[in-house]
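Next come the chains, spelled out residue by residue.
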Amino acid sequence: MVAESKTTASKTFLGHIYTPVEKGSNLDLPEGFLSVDENGKISAVGKRKDFLPGADEQVVDLGKSLLLPGFVDMHIHLPQVAQTGRSGEHLLAWLEKYIFPAEMKFEDVDFAEKLSYWFFDELLRNGTTTACVFTTIHKTSCDRAFSVAEKVGNRVIMGKVLMDENCPDSLKESHQQSIEESLALFEKWHDRDNGRLKYAFTPRFAVTSSRELLKGVGEAWAASAGSYLHTHLAESRGEVDLVRELFPEARSYVDVYKMNGLFGTNTVFAHSIHLDDNDLAELKRHDCSLAHCPSSNFFLKSGIFAFERIKESGIRFGLGSDVAAGPEMSMFQVMKDANYIQPSHWLTPADLFYRATLGGARALGLSQQIGSLEAGKDADFIIVDPTNRNAIANDMLEKETEDILSSLVFLGDDRCVEATYIRGREVFSKKNFSKAY
Ligand SMILES: [Zn+2]
C-alpha cells in the first residue's frame, strides 16, 4: 500500500535535474531546482543559484539524487501482474496456457480489487507515473480498478477488454454487451479528476474480435470524445497468419483495423512488429501511435520492432512493459531491452530515456501536461539514486550526466527509485512502502 499522501503546497526540490524538453534535446542541471505550486504544477525549473525562496516556501534538498520525469508505460495488463515470468510458449499458446485462466479470476471483483492495489502500487514503486492499462472483459472489475487508481493516485488510460470470438467461453461476450459496458465505463470514468483517469476502448486484438465487434467499437470510440483506442497489432508471425485467414478481405493486419474505423489519433497499437512499408505509411498518414514492448518481444520471441525505420518515418511511439509478457514492470528494464533487442543499431541512453518519458507522452497526445519537467506542466516526477544498486559506484553521481544516464539505463532498476510524485503529490516513498498483496 502507498503511504498517506502529502500534498505539496509551494514546494521546491533541490537536486540534479535531468529531462528531455519540448524544444531542443534535453535540460541538464547538476545543481538545479524545481518548484511546484499548490495546484501540483511545475512553476519554475532552473539553476540552484537562481532560486529565490518565498516566505513560506518548503525546500527539500535531495543532495545528489536525480530528479527525473516519471515514466510513461504505454502498454501493460493489470490482471497479468501475478503471471510474470511464465515462458516457454509463443503468443497464442501462452495466452491459452497462462493468461486466459488468470483473466477468468477477475469475475471475482474482490480479487480484482486486491490485485489492483498491488498493480497500481507497483507502478509507482517502479517510477511509472502514467500507464495505458488493459483490464479484463469484466465490467465490475474494471470499474473497481478505476476506483483503486483514483484512490492510489496513478495517472492511467484504461479500459475493459472486448472479446467475442476465438477465446474460452467464460471470457466470451456478445459484441453488443461488450460495447454497451465499455460506453458505460467511459461515461463514468473518462477525464475523472481533471483528466488524470482516461478511458480507452480496448478490443484485445483482431483474432478475438468479430467484424461486428470491430465495427461497433470503431463507432463507439468515434462517438466518445477524447477517448483512446488501445489494442495489439502484428505482434507474432502466428498471429499475423491467423489474422490473414480470419480476415481474407483485408490487405494486411493494419487494414483490418483501418477498414473497421479503429484508426487515427488517440490510438495505441502495441507491438507493431510485422508490418510492411505500406502499413507504416498508413499509420503515419492517420497519425496513429505505437507502443514498443521490447522485453515482451524478447520473452515470447515475437520479433524485432523496426526502431530506426519507424523513428525515421515520424510515427509517434513510446515504450511499454507489456507485463506479463514482459517479465518486469520496471521501465529501466524496458529501456535496456530496447537497445539489446536491436541486432545492429545502438540506441543512446538519452534516446531511450526520451522514449520512456516525453516520447511516450507525445505518442499519447499528453505532452502539454506530462513527459518532461518544464514550467506549466504537471509535476509528475521521480527521485532516483542510482547508487542504491551495488553495481553502481558511489562516485558515479560526480560524473558527467551522459555517464550517469548510461549507468541508469543499463544497470538501473526499481531499487533506484526513492520516491514518486504525481501532480506534486507524493504517491510512493520507499521508506513508507509495504507490499499490498
Ligand atoms: Zn499486451
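Conventions adopted
- Residues numbered from 1 in each chain as written.
- Predicted model: local features only at pLDDT ≥ 70, side-chain atom pairs only at ≥ 80, totals over all residues.
- Heavy atoms only, no water.
- Donors = N, O, S within 2.8 Å, 3.2 Å for Na, K, Ca; no water.
- Tetrahedral: all angles 85-135°; square planar, octahedral: opposite > 155°, others 65-115°.
- Buried < 20%, exposed > 50% of the residue type's maximum accessible area, 1.4 Å probe, protein only.
- Pairing = 2+ DSSP bridges.
- Helix = DSSP H or I, 4+ residues; strand = E, 2+ residues; numbered from the N terminus.
- Axes fitted to C-alpha atoms, helices over the stretch in contact; angles between N-to-C directions.
- Phe/Tyr/Trp six-rings, centres within 6.5 Å; stacked < 30°, edge-to-face > 60°.
- Lys NZ or Arg CZ within 6 Å of the ring centre and 35° of its normal.
- Domains from an automatic or database assignment.
- Buried area = accessible area lost by both parts, 1.4 Å probe.
- Salt bridge = Lys/Arg side-chain N within 4 Å of Asp/Glu carboxyl O.
- Core = buried A, V, L, I, M, F, W, Y, C linked by side-chain atoms within 4.5 Å.
- Contact = heavy atoms within 4.5 Å.
- Right-handed = clockwise from strand over helix to strand, strands pointing away.
- Left-handed = near helix turned anticlockwise from the far one by under 90°.

Student: Can you help me understand the coordination of the zinc ion in this one?
Tutor: Note on metal sites: the ideal angle is 109.5 degrees for four tetrahedral donors, and 90 or 180 degrees for six octahedral donors. Taken together, the protein ligands of the zinc ion are His75 (NE2), His77 (NE2), His232 (NE2) and Asp322 (OD), with distances of 2.1 to 2.4 Å. Considering all 4 donor atoms around the zinc ion, the spread of angles at the metal, 88 to 170 degrees, places the coordination shape in the irregular class. On the basis of relative accessibility, which here comes to 5%, the residue His232 falls in the buried class.

Student: How should the sheet that holds strand E1 (residues 11-19) be read in this particular structure?
Tutor: Backbone hydrogen bonds hold the strands of a sheet together, and the pairing may be parallel or antiparallel. Strand order in this open sheet of 7 strands is E3-E2-E1-E4-E14-E15-E16, and the pairing throughout is mixed. Looking at which strands have only one partner, the edges of the open sheet turn out to be strand E3 (42-47) and strand E16 (425-429). Going across the sheet, the axis of each strand differs from the next one's by a mean of 35 degrees, ignoring polarity. Of the strand pairs in this sheet, strand E14 (residues 381-384) and strand E15 (residues 417-422) are connected by 4 bridges, and their pairing is antiparallel. Each bridged residue has a counterpart across the sheet, and for Ile382 the counterpart in E15 is Thr420.

Student: Looking at this structure, how should I read the packing of aromatic side chains?
Tutor: Scanning the entire structure with this criterion turns up 21 aromatic pairs. An angle of 90 degrees between the planes, with centres 5.1 Å apart, marks the rings of Phe307 and Phe317 as edge-to-face. With Phe307 in helix H11 (residues 307-313) and Phe317 in strand E13 (residues 316-319), this residue pair connects regions lying 10 residues apart in the sequence. Here Phe307 and Phe317 have matching classes, each one buried. Here the aromatic cluster, defined as three or more aromatic residues joined through ring pairs, consists of Phe146, Phe186, Trp189, Tyr199 and Phe201. Taking the ring centre of Trp189 as reference, the NZ or CZ of Arg192 above it sits at 4.2 Å. Above the ring of Phe317, the side-chain terminus of Arg355 is found at 3.8 Å from the ring centroid.

Student: Please explain the domain arrangement of the chain as it appears in this structure.
Tutor: Note on interface size: it is often stated as the accessible area lost on association of the parts. Domain annotation for the chain reports domain 1 (11-69 + 371-432) and domain 2 (71-363). Between domain 1 and domain 2, the C-alpha centre-to-centre distance is 29 Å. For the domain 1 and domain 2 pair, buried surface summed over both sides reaches about 2,500 Å², with 63% attributable to carbon and sulfur atoms. Considering only the surface of domain 1 that becomes buried against domain 2, Val409, Phe410 and Arg423 emerge as the three largest contributors, covering 26% of it. For the salt bridge of Glu22 with Arg362, the shortest nitrogen-to-oxygen distance reads 3.1 Å.

Student: In this structure, what is going on with the nonpolar core? I would like to understand it.
Tutor: If you look at soluble globular proteins, the nonpolar side chains tend to sit buried side by side. Within the largest apolar cluster, 108 residues are counted, with the highest numbers of intra-cluster contacts made by Phe120, Tyr257 and Leu283. No other element matches helix H2 (residues 109-125), which puts 9 residues into this core. Each of two domains, domain 1 (11-69 + 371-432) and domain 2 (71-363), supplies a minimum of three residues to this core. Residues in contact with Leu283, not counting those within four places in the same chain, are Leu233, Val254, Phe263, Phe269, Leu275, Cys288, Leu290 and Ile315. Ranked by size, the runner-up nonpolar core spans 15 residues in total, among them Ala200, Tyr228, Ala291 and Leu366.

Student: Help me understand the pairing of E3, please; the structure alone is not making it clear to me.
Tutor: Regular strands place side chains that alternate from one sheet face to the opposite one. The pairing of strand E2 (residues 27-36) with E3 spans 5 bridges and is classified as antiparallel. Looking across to E3, one finds that Gly32 is bridged to Lys47. Here E2 folds back onto E3 in antiparallel fashion, the turn holding 5 residues, of which Gly40 has a positive phi close to 80 degrees.

Student: I tried to follow the pattern of salt bridges on my own but got confused; where do I start?
Tutor: Pairs can form between side chains of opposite charge whenever their charged atoms are close. One pass over the structure, following the stated rule, counts 34 salt bridges. In this structure, Asp287 and Arg316 form a salt bridge, with 3.2 Å as the shortest nitrogen-oxygen distance. Of the two residues, Asp287 sits in the loop between helix H9 (277-285) and strand E12 (289-292) while Arg316 sits in strand E13, which places them 29 residues apart along the sequence. What makes Asp287 partly exposed here is its relative accessible area of 32%. Several salt bridges converge on common partners, so that one network encompasses Lys41, Arg155, Asp193, Arg196, Asp378, Asp380 and Arg423.

Student: Which parts of the structure should I look at to understand the pairing of strand E10 (residues 228-233)?
Tutor: A large share of E10 lies buried, amounting to 6 of its 6 residues. Neither face of E10 is left uncovered, since the one carrying Tyr228, His230 and His232 and the one carrying Leu229, Thr231 and Leu233 both have all their residues buried. In terms of strand pairing, strand E9 (residues 197-203) meets E10 through 2 bridges, oriented parallel. When the bridges of E10 are listed, Ala200 appears paired with Tyr228. Viewed along the sheet, the connection from E9 through helix H6 (residues 211-223) into E10 turns out right-handed. With 5 bridges joining them, E10 and strand E11 (residues 267-271) adopt parallel strand pairing. Across the sheet, residue His230 finds its bridge partner in E11, namely Val268.

Student: Can you walk me through the environment of Val152 in this structure?
Tutor: You can see Val152 is positioned in helix H3 (residues 139-152). With 276 residues separating them in the primary sequence, Val152 and Phe428 have C-alpha atoms 9.4 Å apart.

Student: Explain the packing of H2 against H3 here, please?
Tutor: In a packed pair of helices, the relevant descriptors are the angle between the two axes and the axis-to-axis distance. Close contact between H2 and H3 brings their axes to 9 Å; oriented N to C, the two are set at 40 degrees. Both H2 and H3 take part in a crossing whose hand is right-handed. Side by side, H2 and H3 meet where Val109, Asp110, Ala112, Glu113, Ser116, Tyr117, Phe120, Asp121 and Leu124 of the first sit next to Thr140, Ser141, Arg144, Ala145, Val148, Ala149, Lys151 and Val152 of the second.

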